[in-house]
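# Survey of secondary and tertiary structure
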Amino acid sequence: RKDLPSAYESNCHQTLHGTEVITCDIGDPKGAQRIVLIGDSHATHWFPTFEEMARKRSIYFQGIAKSSCLFSLEPIQNTALKRAYTECTEWSKNVVAWLARERPDVVLVSQSPAYSPASLQGMAAAWAQVVKMGLDLRAIRATPWMPLEPSKCLVKSPSWAADCVPARSSAFKPDPHLAVAGKLKIDTLDFTKYFCDAQHCPVVIGGVLVYRDAHHITATFARTLSDAMGEQISFKATDRASLRAK
């Protein structure tokens, strides 16, 4: 549970009540490629991946995330606040304005799949604004959402290698990213094969605990995916179109 991204310690992950765009800056500001990742805590759990990438590649990464906030131009409800999450809407508008000024090379979005399907319209509107700017926007498919608490299962079960391995069919929530990305014809980065085989999604891979709770990955496991992330980002939309044509 303590295997967290450094963003929380450095206070560059925006809180519930904040609306300012705060960036977690990683790598060389003069790097060959400037990458921005937007979202909620499901974006932040990817930040260590880019910390590792920056050790190997000439990139400048800026993470922009806010607690429990969907990047959306319409209000969502927040259960903790027990009201419309107006701070999230304001933050999203500020992010759109920030992107218009900064114009990074690649813009990624990663968010929890647990938001209401009613939020799709506001989410699509925010993404459409980024597309309209001519920026290279891509979505990251949601990572598994375990039907068990991985750390508790490991502690309680002497045969955890068999007991703490949920079926792949039970490890994913419906992902709104896929619907919106399809509608706007945006590429989706999919890392499912690194979390699951054809049938199961283990909680330990390569000797590394994958999850710090049921749906956030550990910083250690996130770092192991740096090469895979680099490859998918380098694989341009034009390359995908050419591949499909063949």
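Provided above is the structure to which this section pertains.
As a starting point, this report considers the structure included with it. (Residues numbered from 1 in each chain as written. Predicted model: local features only at pLDDT ≥ 70, side-chain atom pairs only at ≥ 80, totals over all residues. Heavy atoms only, no water.)

Turning to the packing of helix α5 (residues 120-132) against helix α8 (residues 176-184), a few remarks are in order. Look at α5 against α8: their axes get within 10 Å of each other, and the N-to-C directions meet at 50 degrees. Considered as vectors, α5 and α8 are oriented oblique to each other. At the point where α5 passes α8, the crossing takes the right-handed sense. Between α5 and α8, the contacting residues are Leu-120, Met-123, Ala-124, Trp-127 and Ala-128 on the first element and Pro-176, His-177, Val-180, Ala-181 and Leu-184 on the second. When its residues are assigned to classes, the contact of α5 with α8 shows nine nonpolar, one polar and no charged. (Axes fitted to C-alpha atoms, helices over the stretch in contact; angles between N-to-C directions. Helix = DSSP H or I, 4+ residues; strand = E, 2+ residues; numbered from the N terminus. Parallel < 35°, antiparallel > 145°, perpendicular 65-115°, else oblique. Left-handed = near helix turned anticlockwise from the far one by under 90°. Contact = heavy atoms within 4.5 Å. Nonpolar A, V, L, I, M, F, W, Y, C, P; charged D, E, K, R; others polar.)

This next bit is on the nonpolar core. Counting 39 residues, the largest nonpolar core has Ile-35, Leu-37, Trp-46, Phe-50, Leu-108, Phe-195 and Met-229 as the members making the most contacts within it. Elements supplying a minimum of two residues to this core: β1 (24-27), β2 (33-39), α3 (47-56), β3 (59-65), β6 (106-110), α6 (150-156), α10 (219-224) and α11 (226-234). The contacts of Leu-37, once residues within four sequence positions are left out, are Ala-43, Trp-46, Phe-47, Phe-50, Phe-61, Gln-62, Gly-63, Ile-64, Leu-108, Val-109, Ser-110 and Ile-140. Ile-38, Ile-76, Cys-88 and Val-96 belong to the second-largest nonpolar core, a separate cluster that totals 31 residues. (Core = buried A, V, L, I, M, F, W, Y, C linked by side-chain atoms within 4.5 Å. Buried < 20%, exposed > 50% of the residue type's maximum accessible area, 1.4 Å probe, protein only.)

Relative to the helices and strands, Glu-87 resides in helix α4 (residues 86-102). A distance of 3.5 Å separates polar atoms of two side chains, one belonging to Glu-87 and the other to Thr-86. Not counting residues up to four positions away in its chain, the partners in contact with Glu-87 are Leu-16, His-17, Gly-18, Thr-19, Lys-66 and Leu-81. (Polar contact = N/O pair within 3.5 Å; in protein donor to acceptor, adjacent residues only side chain to side chain.)

Before going further, it helps to spend a moment on the pattern of salt bridges. A side chain with one charge can pair with a side chain of the opposite charge if their charged atoms come near. Overall, the coordinates contain seven salt bridges when judged by the stated rule. A salt bridge links Glu-87 to Arg-83; its shortest N-O distance comes to 2.7 Å. Of the residues examined, Arg-83 reaches a relative accessible area of 31% and is grouped as partly exposed. (Salt bridge = Lys/Arg side-chain N within 4 Å of Asp/Glu carboxyl O.)

Before going further, it helps to examine the state of the cysteines. Summed over all chains, the structure comprises four disulfides. The disulfide that involves Cys-69 links it to Cys-88, with 2.1 Å between the sulfurs. The sign of the S-S torsion, about 90 degrees, decides the handedness of the disulfide formed by Cys-69 and Cys-88: right-handed. One end of the pair, Cys-69, is in the loop between β3 and β4 (77-78); the other, Cys-88, is in helix α4, with 19 residues separating them in the sequence. Judged by its relative accessible area of 1%, Cys-88 is buried. With its sulfur 2.0 Å from that of its partner, Cys-196 forms a disulfide with Cys-201. Judged by the torsion about the S-S bond (100 degrees), the Cys-196/Cys-201 disulfide is right-handed. Overall, the relative accessible area of 7% leaves Cys-196 in the buried class. Relative accessible area serves as the criterion here: at 0%, Cys-201 is assigned to the buried category. (Disulfide = S-S within 2.5 Å.)

Topologically, Val-208 is positioned in strand β10 (residues 208-209). Given the relative accessible area of 17%, Val-208 is considered buried. Counting along the chain gives 27 residues from Val-208 to Ala-181, while the straight-line C-alpha distance between them is 31 Å.

The sheet built from six strands is open, its strands ordered β1-β3-β2-β6-β7-β8 with mixed pairing. Strands at the two margins of the open sheet, each flanked by one partner only, are β1 and β8 (187-189). Strand-to-strand, the axes of this sheet are offset by a mean angle of 25 degrees, without reference to chain direction. As judged from the five bridges shared by β2 and β6, these two strands associate in the parallel manner. Residue pairing in the sheet places Val-36 in a bridge with Val-107 of β6. Helix-sheet contacts for α4 involve β2, β3 and β6, and the interaxial angle to β2 is about 170 degrees. Lying over the sheet, α5 contacts β6 and β7 (136-140), oriented at roughly 145 degrees with respect to β7. (Pairing = 2+ DSSP bridges.)

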